[in-house]
Structures are given as structure tokens and as C-alpha cells.
Amino acid sequence: MSSTTAQTTPSRADRPRPVPSRSRWPARLDLLQSLSGLALGLFMWGHMLFVSSILVSRDAMWAISRFFEGYFFLGHSVPWLVSVIVAVVFTLFACHAALALRKFPASYTAHRTFRDHLHAMRHEDTTLWYWQVLTGFALFFLASLHLGTMLLRPDRIGPFESADRVWSDSMWPIYLVMLFAVEIHGGVGLYRLALKWGFLEGAHPATTRRRLRLAKWTLTAFFLVLGLASLAAYMRIGMQHAPHYGENYVPAWLTGVAR
Amino acid sequence: MSAPRQIRLNVFRHNPQDPASTPHLQTYLVEEAPGMTLFLALSELRERQDPSLAFDFVCRAGICGSCGMVVNGRPRLACRTLTQELPAEITLLPLPAFALIADLSVDSGSWMRAMTERLQAWLHAADPAPDLSRLEARMDPDLADQIYELDRCIECGCCVAACGTVQMRHDFVGAVGLNKIARFGLDPRDTRSDAEFYDLVGGDEGVFGCMTLLACHDVCPKELPLQTQIAFLRRRMLRAGA
């Protein structure tokens, strides 16, 4: 034993750091997909809170929509500021959609195989991924329509303006489907994002996963209820305001100034 | 004492070597015994009812990983699955993603070997011919435990069969492959850099193709921390590749 000596192992830190010889784009694209999804998911929740201000009062919703038009900084509304925000969100949305397409089933056979697998496994996170694909596919069209409208008519956001669009322009069925699609897609996406990169994992990953799942369903339920209540409020206002379709909302305390 | 339960086993039958064979489910009735595993039920069935039934086993103790099969839709080890945990009607299918030998027997070995060669999943030591009379370099016990934890993988193929990504991307290395890279990435005796590991798993057929469905983690019979390891490897490969 005395004649033996321990072998030495060179530390990794001592060795030169070679660079990968294969493309680095898969890493970058995966990160970009996650970052764009994170940004859109957080935007979605913020957007829903702003939209639901109609449940507080018409004046509250008016104030929030004017806020994004710079009314309280510039003294007057500049609707194209909203178009700029929408353009940024639209760009993020388009990037996220293009990146997510990489993961979609590439053929009908792949789709059928995955569906068979899904039904056989009855595994929640696998099923939720499929819901993400379906809702993501629906959002290609629904969110593009909504974002396009907001991009081109940023001046039509307000208690009466939005309510007219929801009711008199018959957009409420689209908003109803979009509400479910976006809340399911975003909620599942943010949950998966945390698991994918191991955020918030802590010392007990299984417990964290259970809590994240509970948080996901709680938040999804909360935002769905909030969204449905807000949509109902816009529909009710839209019905009442239908005879005055196209007329903008002016808060009572500004009536003397605005008219 | 109540009468023992009759189990109805619907077993996939097909021999690809036999041109006359067509895939079908064959139903058998087996009387359940206390503590009976699926492996025992299948053994009894083969012994008493149908000697032509093909399924794999070696250790009967969840160590060799030979008896993986799809049990009522989920990949499991037959030797580690008690029939009393299952309903009276059980459907058994061979693991998908692997070449079928016959009935419930699949060639997971060829898949594992190809994956191992592709990922070079063995220790790349500084000295390929070390002096075996010398003591190995000391290793921190906690690190040794971490490596051992990942080394417990028995290559049963359950994670591969449960993976939705593998269903759509046949070149995906699966959790078993990613776990191996995570294991050698931890080992200070392995001389490979993160950039070299990136060359092995830094693509859409590797860690960046994983869609975090986590069925691999949920079905692993050895309860390996696959969720944690894949997330860790993803962060590490991002640093190496981004």
C-alpha cells in the first residue's frame, strides 16, 4: 500500500475551453422561444388585468387606455403609441410562433402517433403539451386578427369603443374562444418554462412541481373568470351603446372640457 | 377469506419473423396470488397455458431492465409491478420505439448501444491505459453520490417509450441519453469539456429537442431525477453553446 500513490486528475477548469464545432443555433433558438414565451405570458396576464378594469368602472378603463396613449404625460392622446406597443407584441408573437413551429408534429403520421401515445399514456404534462399545440394553432389566427385590429385602429380602445367592437362588430365569439386559448396556452407555457429550465426548483423538485401545477391551475381559473366577467361587461355595455355605435367614451368629469 | 381475483390479461401477440403472423391481442385468464407481480403472472401463463408467449426477463428484481413493457398504456417493469395495483383487466404491449422481437419482447439493446456509441457515453479519461496498481484520484463523497445516483439507470427503455418527443423524432436521444451525458459531465475523471458535450447533445435531437413533457421522469422505475438533470443539462449546454 505504501508503494502506491494516488493518481491525479486534471481539473476541467485547468484545461483550455474549446468551442463547440456544431451549430449553436439550437441553444439560441430554444432560449429565444422561452424568452419570447415568458414575455408574452407575462404580457397576457398584464393585458387581462388592464382589460378587466371595466369591472371597476368605465372611467377606470378609460384612464388605463388613455394612459397607454400618453394622455397623462403629453396632455393629449397619441393613439399610435399603442400601435408601437402592439407592433412590439406582434413581432414577439410572430417570433414565438415561428420558433414554436419547430416543435409541432411535422406530418399527419407524427400527429396521429402522438395522439395515440397521448391517449394510451393519459399523462397530464403530455396532454397539456398537446393542448398547447392546439391552442397555439388557434392563436395563430385569433391573436393575429386581434393584434392586427389593435395595430390599425389603436384609437378604438375604450369603454364604448371596445364594447362596440365586442357587441356591435360581433367580435365576442372570437374573444370568447381566444380567452380560453390564450389562458390555457400561456398558463401551461409558463408552468412548462419553469420546469424546462429548472427555475424555482429548490431542494424538493417534486414538491415544487406539484405547487407549480396548483399555481398554474389557480391562475388559469382566476384569469378565465376575470376574462369571462370582463367580456360579459363589455357585451352588456355594447348592447346598451348599440344605438350610439361609434361614439367615443368621455368621462363625466371631462364632459365640459371635451365637448 | 375471499376468492382470489381472476385477472384478464390482453397480451399483444406478433412474430415479425413469421410471415403468417398478424399483430393481435390474445386474452388469458390468470388467478391472482398474493404479492403476484406481472412477471409472475406472465411466467405462470407461459408455464401453464401458452409456452409460445415471448417476453424478456433476467433478474426478476428490477435490476436488469429486461422486462419493460407497456402496462395499461404506461411503460413499466413487469417484475416491479404488482397485479393488485392494477384493475382486473390488464393490457400488455411491447415497448414502442424499439424493434419488436416477438410478442412483448423488444430489442432495446441495439437502441441503447447505438445511443451509447452516438453519445460516446463512456468515461473519457486523460490516460486511456491507467496504471491499475495506483490508487484512483480521491473524489468528494457527495460528488461520488451524485454520480452514483445517475449511474443507477438500468437502460430499461421505459423513459424512451414514455417520451412523446421520441414518438415524433426518432433520432431523439431520450432521457436515458441525456442522463448519461449529465453523469459524465459530473465526473471529474472525464476530460471532455462542455463544448464537447455540446457537440453530442446540443441539438434538436438532444437536450434542446426535449419538450419537457416529463413522462420520462414520471415512469422511471428507478425514480431517477430526470426532470432536474435535463433542466441542469439544458442550462449547462446553453452556456456552452449560446
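Residues numbered from 1 in each chain as written. Chains lettered and ligands numbered in written order. Predicted model: local features only at pLDDT ≥ 70, side-chain atom pairs only at ≥ 80, totals over all residues. Heavy atoms only, no water.

> What am I meant to see in the packing of aromatic side chains here?
Two descriptors summarise a pair of aromatic rings, namely the distance from one centre to the other and the angle between the planes of the rings. Residue and element names in this part refer to chain A. Throughout the structure, instances matching the rule amount to 20 aromatic pairs over all chains. Centre to centre, the rings of Trp62 and Tyr71 are 5.4 Å apart; their planes meet at 75°, and the pair counts as edge-to-face. Look at Trp62 and you get buried, because its relative accessible area is 5%. Residue Tyr71 is classed as partly exposed on the basis of its relative accessible area of 21%. Among the aromatic residues, those joined into a ring-pair cluster are Phe50, Phe67, Phe68 and Phe73. The cationic tip of Lys216 hangs over the ring face of Tyr191; the distance from NZ or CZ to the ring centre is 5.1 Å. (Phe/Tyr/Trp six-rings, centres within 6.5 Å; stacked < 30°, edge-to-face > 60°. Buried < 20%, exposed > 50% of the residue type's maximum accessible area, 1.4 Å probe, protein only. Lys NZ or Arg CZ within 6 Å of the ring centre and 35° of its normal.)

> It is not clear to me how the sheet that holds strand E4 (residues 74-77) of chain B should be interpreted in this structure. Could you clarify?
To summarise the sheet geometry, strands pair through backbone hydrogen bonds and adopt either a parallel or an antiparallel arrangement. Residue and element names in this part refer to chain B. Reading across the sheet, the five strands line up as E2-E1-E5-E3-E4 and stay open at both edges, with mixed pairing between neighbours. Two strands in the sheet have a free side with no partner beyond their single neighbour: strand E2 (24-31) and E4. Between one strand axis and the next, the sheet turns through 35° on average, direction left out of account. Note: strand E3 (residues 68-71) against E4, four bridges, orientation antiparallel. (Pairing = 2+ DSSP bridges. Helix = DSSP H or I, 4+ residues; strand = E, 2+ residues; numbered from the N terminus. Axes fitted to C-alpha atoms, helices over the stretch in contact; angles between N-to-C directions.)

> Explain the confidence of the model for chain A here, please?
Close reading of the predicted structure is inappropriate where its pLDDT is low. Taken residue by residue, chain A gives an average pLDDT of 91. The fraction at 70 or more is 92%. Within the model, the stretch residues 1-5 of chain A combines pLDDT values under 50 with five contacts to residues more than four positions away or in other chains. (pLDDT = per-residue confidence, 0-100. Contact = heavy atoms within 4.5 Å.)

> Quick question: what am I supposed to make of the confidence of the model for chain B here?
Averaged over every residue, the pLDDT of chain B is 95; the share at 70 or more is 100%. The complex prediction reports pTM at 0.90, with the ipTM value standing at 0.91.

> What is the right way to look at the interface of chain A and chain B in this model?
Interface size is commonly expressed as the accessible surface area that is lost when the partners come together. Listed per partner, the contact involves 46 residues of chain A and 61 residues of chain B. Both sides of the chain A and chain B interface together cover about 4300 Å² of buried area, and 53% of this is carbon and sulfur. One can count four salt bridges joining chain A with chain B. Residue Glu205(B) is joined to Arg22(A) by a salt bridge in which the shortest nitrogen-to-oxygen separation is 3.0 Å. Between chain A and chain B we count 17 residue pairs in polar contact (both at pLDDT 80 or more) in total. Of all the elements in the fold, those that place two or more residues in the side of chain A that touches chain B are helix H1 (25-51), helix H5 (108-121), helix H6 (124-152), helix H8 (172-197) and helix H9 (205-241) of chain A. In the side of chain A that touches chain B, the residues fall into 19 nonpolar, 12 polar and 15 charged. (Buried area = accessible area lost by both parts, 1.4 Å probe. Salt bridge = Lys/Arg side-chain N within 4 Å of Asp/Glu carboxyl O. Polar contact = N/O pair within 3.5 Å; in protein donor to acceptor, adjacent residues only side chain to side chain. Nonpolar A, V, L, I, M, F, W, Y, C, P; charged D, E, K, R; others polar.)

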